[in-house]
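Residue-level structure breakdown
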Amino acid sequence: MAKQTYKKHLNKKNAKPISNEDKKEEIKIEAINYTDGITVGELANKINKNSGELIKLLFMLGKALTINSPLDDENVELICVEYGITPTKIDEEEEESLADTEIDNPDDLRQRAPIVTIMGHVDHGKTSILDAIRSSNVTSGEFGGITQHIGAYQVDVNGKKVTFLDTPGHEAFTAMRARGASVTDVSIIVVAADDGVMPQTREAIDHSKAAKVPMIVAVNKMDKPGANPDKVKNALSELDLMPEEWGGDTIYVNCSAKTGDGLQELLESILVVAEVKDLKANPSKLATGTVIEAKLDKGRGPVTTLLVQNGTLHQGDSIVVGACYGKVRKMTNDKGEEINEAPPSMPVEVIGLNDVPVAGDNFKVFADDKDARAVAQARNKTKIEKERKATSAMSLDDLSSQIASGDIKEVPVLVKADVQGTAEAVASSLSKIEVDGVKVNIIRQSAGSISESDVILASVSHAVIYGFNVRPNATVRKKAQEEGVEIRLHNIIYKAVEEMEAAMKGMLAPVFEEVVTGQAEVRKTYKVSKVGTIAGCMVTEGKIVKESGVRLIRDGIVIYTGKLGSLKRFENDAKEVVSGYECGMTIENFNDIKEGDIIEGYVDQEVKPE
């Protein structure tokens, strides 16, 4: 429709005149900049017109929109042409970048510790090597041999510090591992001498190459009878990791995490590579860096592990982390000691943020608390708007594609985990599953225990809730039963993936199924030297059965899974104790029981396949 036709429609004699109050002051606008998803109201303000005028114009074009409706590029251009305005679309930039873009004075730079990422295939010994280096046991309590959370640790090597990022080796954690490589200075690629190069080994190498990070190959498990380091070198040389002794530039170190052989040589190799790179930072400026991990602790609030990459982080600093902000109320190092400042390359756990950030977010310290708050609020607003646009656009696209194809199906899933990084990894793993045109749609992924709001969202979305190392309380469980929401609980990621794949193939046929018999609340604890900790409990739901499996749950998070040691009513052994009665119980090989903990009893029973 021509420009004159627009004006004809807008200037009809019988049209209701716009009152003087509604009239905008006539200021000639010749050009505007706009971002994707601009609404009718926002465009009206930019071009100094009434939103009602634009709505009427769009209506004449056959588009029934409201003041809050987003406009596509074509409609923006049509409106601007009508008023003789030149529109220019620009990328929506965040109000303030948290990346460190300031150029440091060379005189202020000081040597900093190298940041090392240990990567490689699952079960090749990454955590065992780190464990041997730190001389402490971090592998105990892990499930399926996988390090479930990214950890960051500092060790002393010949009087110099080295920071290690411990990233999981399973392919489901690809995103976390890629993030680890992006903040690192040196990658250690761990390959088992008796196993050789595997798919995750290649992925780890690709991530390091993409990040342009120098690699050191640790040929582990040299103590095994079938160890063949030359086979490893042959395979890796085909991936452009040519050993130094063969004329290449990649350092290979034969080692054994079990015996400790070669580990000192590995550490010294890290220092050699770091010395060549001449790693420096400016400790006298305001700190910037990256989030390694984040979780919500019921007692302490949001707890975030930060890696300081430049500057020095001080207790009391005003900080913006992603879209969150706060003051550093408490700062602890990897040994659990409270500290007042953290220099470059140091990982610290920080308390004081207003919300849980996402692992991989940048952080930046601001000199003024008001500035920090304003930047965080602006970033949060941008984040919410982007999510809103992405959600609505995705829903419409999915709907239209499903209508067009007629056979695409989705399995909506809501993921809850004990920490943010694990939630992301579980969601990533599940979303990769595709069976005969059926896809997994992750509608929410977050850290924390399963809540009633999660159940309500799952109910309206017809979704399944996957809990990873978290447990719902009795109220949430009852709500899920009422709403018909299925909650699947796991602590091994392989099983969650296999279960989902089997269900999607229509082959879900479990032989045994875990049945929760009841829950008891710990009211009092008694320590007896020969017995351990006895928990004085009140059974609050169902019944606790002797010789059943038990979980100790604290603030919705599973602390320990094991077996019931003993169950007593007064002085007598009991076969079972039902709801409303008190009892005493012990847990085999576990004594860290506290008042307020929940002890959940469960049994495995055979079920017929559906």
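Conventions adopted
- Residues numbered from 1 in each chain as written.
- Predicted model: local features only at pLDDT ≥ 70, side-chain atom pairs only at ≥ 80, totals over all residues.
- Heavy atoms only, no water.
- Phe/Tyr/Trp six-rings, centres within 6.5 Å; stacked < 30°, edge-to-face > 60°.
- Lys NZ or Arg CZ within 6 Å of the ring centre and 35° of its normal.
- Buried < 20%, exposed > 50% of the residue type's maximum accessible area, 1.4 Å probe, protein only.
- Helix = DSSP H or I, 4+ residues; strand = E, 2+ residues; numbered from the N terminus.
- Salt bridge = Lys/Arg side-chain N within 4 Å of Asp/Glu carboxyl O.
- Polar contact = N/O pair within 3.5 Å; in protein donor to acceptor, adjacent residues only side chain to side chain.
- Contact = heavy atoms within 4.5 Å.
- Pairing = 2+ DSSP bridges.
- Axes fitted to C-alpha atoms, helices over the stretch in contact; angles between N-to-C directions.
- Core = buried A, V, L, I, M, F, W, Y, C linked by side-chain atoms within 4.5 Å.
- Expected span 1.5 Å × (residues − 1).

A separate point is the packing of aromatic side chains. Evaluated as defined, the whole model comprises 1 aromatic pair. When the ring centre of Tyr602 is taken as reference, the NZ or CZ atom of Arg551 above it lies at 4.2 Å.

Judged by how many residues are buried, strand 4 (residues 115–120) sits mostly within the fold: 6 of 6 residues are covered. Residue alternation in strand 4 divides its side chains into two sets, Ile115, Thr117 and Met119 and Val116, Ile118 and Gly120, and both sets are buried.

This part covers the pattern of salt bridges. Taken as a whole, this structure holds 22 salt bridges when the rule is applied. Put simply, Asp156 and Lys161 hold a salt bridge, and the shortest N to O gap is 3.4 Å. A residue is classified by how much of its surface remains accessible, and Asp156, at 55% relative accessible area, is exposed. Its relative accessible area of 41% is what places Lys161 among the partly exposed residues. When salt bridges that share partners are traced, they join Arg471, Arg477, Glu514, Arg551 and Glu600 into one network.

All right, on to the side chain of Thr586 then. Looking at the element boundaries, Thr586 is found in strand 30 (residues 582–587). Polar side-chain contacts of Thr586 include one of 2.8 Å to the side chain of Ser566. If we ignore the near neighbours within four places in the chain, the residues touching Thr586 are Val531, Thr533, Ile534, Leu564, Gly565 and Ser566.

In this section: the environment of Val155. Looking at where Val155 falls in the secondary structure, it is placed in strand 5 (residues 151–157). Judged by its relative accessible area of 10%, Val155 falls in the buried class. Distance in space between the C-alpha atoms of Val155 and Ala113 is 9.9 Å, their sequence separation being 42 residues. When sequence neighbours within four positions are dropped, the list of residues in contact with Val155 reads Ile133, Arg134, Lys160, Lys161, Val162 and Phe164.

Further remarks concern the sheet that holds strand 17 (residues 347–353). Overall, antiparallel pairing links the 6 strands, which are arranged 11-12-17-15-14-18 in a closed barrel. Pairwise comparison of adjacent strand axes, ignoring direction, gives a mean angle of 45° for this sheet. Alignment of strand 12 (residues 301–310) against strand 17, held across 5 bridges, turns out to be antiparallel. Bridging from a neighbouring strand, Leu306 pairs with Val348 of strand 17.

Now for helix 5 (residues 126–134). A large share of helix 5 lies buried, amounting to 7 of its 9 residues. Turning to helix 5, its buried residues are Lys126, Thr127, Ile129, Leu130, Asp131, Ile133 and Arg134.

Now for the nonpolar core. If you look at the biggest cluster of nonpolar residues, it comprises 25 residues, and the most contacted ones within it are Ile129, Val162, Phe164, Ile188, Ile216, Leu266 and Ile270. At the level of secondary structure, the elements contributing two or more residues to this core comprise strand 4, helix 5, strand 5, strand 6 (160–166), strand 7 (186–192), strand 8 (215–220), strand 9 (251–254) and helix 9 (263–277). Of the residues forming this core, the biggest block, 6 residues, is contributed by helix 9. Those residues in contact with Ile188 that sit more than four places away from it in its chain are Val116, Thr117, Ile118, Met119, Phe164, Ile216, Ala218, Leu266 and Ile270. In this structure, Leu306, Val308, Val321 and Leu353 belong to the second largest nonpolar core, which totals 19 residues.

Take helix 9 next. Taking 1.5 Å per residue, 15 residues should reach 21 Å; helix 9 reaches 21 Å between its end C-alpha atoms and fits that length. Looking only at helix 9, the buried set comprises Leu263, Leu266, Leu267, Ser269, Ile270, Leu271, Val273 and Ala274. In the stretch just after helix 9, Asp278 is the one whose phi turns positive, near 50°.

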